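# Breakdown of the fold
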Amino acid sequence: MIAFANAVETLRMANYISRRTLYRWTVVEPEKSPPVASNGLTISPVGGVEDLATCDAVFVCGGLNIRQVTNEAVRRLLRQCAAKGAVMGALCTGSFALASAGLLDGYRCAIHWENLAAISEEFPKVRFTPEVFIFDRDRITCSGGTAPLHLMLHLIRGHHDAKLVMAISEQFIVERLRASSDRQRIPQPECIGPGYQHLTEAAEIMAANIEEPLSLIDLAGLVGLSLRQLERLFNRYFSMNPAQYYLNLRLRRAQELLTHTSLPIMQVTVACGFQSSSHFCKAYRCLFGHAPSDERRRQAAEAGTGRAPQDRRPPELVRAA
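Okay, so let's go over this structure. From a predicted model like this one, the values you see are computed outputs, not experimental measurements. (Residues numbered from 1 in each chain as written. Predicted model: local features only at pLDDT ≥ 70, side-chain atom pairs only at ≥ 80, totals over all residues. Heavy atoms only, no water.)

To continue, consider helix α10 (residues 227-238). Taking 1.5 Å of rise per residue, 12 residues should cover 16 Å, and α10 covers 16 Å from first to last C-alpha, within 8% of that figure. Ser-239, located one to two residues past α10, shows a positive phi value of around 55°. (Helix = DSSP H or I, 4+ residues; strand = E, 2+ residues; numbered from the N terminus. Expected span 1.5 Å × (residues − 1).)

Right, dumping it as structure tokens:
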């Protein structure tokens, strides 16, 4: 809902401020039933699938259970829109729908950080990045949360001028327009002090080296610190040593793979840099309170029982003209 509202409301405000209909949109639900967001609110479709034939751009807005709701009918519809020349876009997890339809092969793509590791393994022909949003030729993809607001502001600036963008930002009390190259996540941004840049760099290097973890001595050398200086920074800002932070990072990546992919647990073990399944299971249980196999069974049970039925409808398609 937050991704959807941030996208549509930005276009609405552009019309309101300019006193002209600069943008029109319609919400299409492939199964002709009102989509229900995870907060329980219903979005009423205001158009039919046939309306997508004349659109300039089609955005897929995805939610929590994007894998379950992206069926063949959705994929076929997306391919038809792309074949007719529409710019194809995605908000939050909607990038999964485009990727599964084969519409992102060879493109750079953004998706919500929580899904980044899992989807990168699943679609090797797509270059997923941690950027906030990405314009790549006729594909526009965006992470979740408030990022679609910034995406739409960039679109509006390209269509019109910076003055309109500034007026919209003032209405929404947006202090800074985020750039497409901004990172979705940085470690504890409220921690500002001596050495913070080194800490951020170290955390980024860790995240980029999950499958083959670096030694702490090598990591310290890459950021230009001694091992003792690195340990002091992590203890000061994270209240843990860098080894524990690195381990937790790998285990959270494992959790993402277990919950968002069907990779065998042994493959997840290797992908997250563990030498043995026993070590992986012990560390996972220590952090999360249950075994990796329990995590997988829990996800399967939730999908089978429809624990979140509001997210089990196909994703809505938003047309922006």
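Further remarks concern the packing of aromatic side chains. Applying the stated rule across the entire model yields six aromatic pairs. Measuring from ring centre to ring centre gives 5.1 Å for Phe-274 and Phe-280, while their planes differ by 50°; the resulting arrangement is tilted. A relative accessible area of 0% places Phe-280 in the buried class. Measuring from centroid to centroid gives 5.7 Å for Phe-280 and Tyr-284, while their planes differ by 65°, and the two rings are edge-to-face. Placement of both Phe-280 and Tyr-284 in helix α13 (residues 277-288) is noted, with a separation of four residues, approximately one turn of the helix. Note on accessibility: Phe-280 and Tyr-284 belong to one class, buried. Aromatic ring contacts, followed pair by pair, group Phe-274, Phe-280, Tyr-284 and Phe-288 into a single cluster. Its guanidinium or amino end placed over the ring of Tyr-16, Arg-19 lies 4.7 Å from that ring's centre, counting from NZ or CZ. Looking at Arg-250, its charged tip hangs above the ring of Phe-274, at a distance of 4.2 Å from the centre. (Phe/Tyr/Trp six-rings, centres within 6.5 Å; stacked < 30°, edge-to-face > 60°. Buried < 20%, exposed > 50% of the residue type's maximum accessible area, 1.4 Å probe, protein only. Lys NZ or Arg CZ within 6 Å of the ring centre and 35° of its normal.)

Contact geometry for helix α1 (residues 2-18) and helix α7 (residues 162-171): axes closest at 10 Å, N-to-C directions at 115°. Here α7 runs roughly perpendicular to α1, going by the angle between their axes. Relative to α7, α1 is oriented so that their crossing is right-handed. Contacts between α1 and α7 pair Thr-10, Met-13, Ala-14 and Ile-17 from the former with Leu-164, Ala-167, Ile-168 and Gln-171 from the latter. Across the contact of α1 with α7, the residue classes tally to six nonpolar, two polar and no charged. (Axes fitted to C-alpha atoms, helices over the stretch in contact; angles between N-to-C directions. Parallel < 35°, antiparallel > 145°, perpendicular 65-115°, else oblique. Left-handed = near helix turned anticlockwise from the far one by under 90°. Contact = heavy atoms within 4.5 Å. Nonpolar A, V, L, I, M, F, W, Y, C, P; charged D, E, K, R; others polar.)

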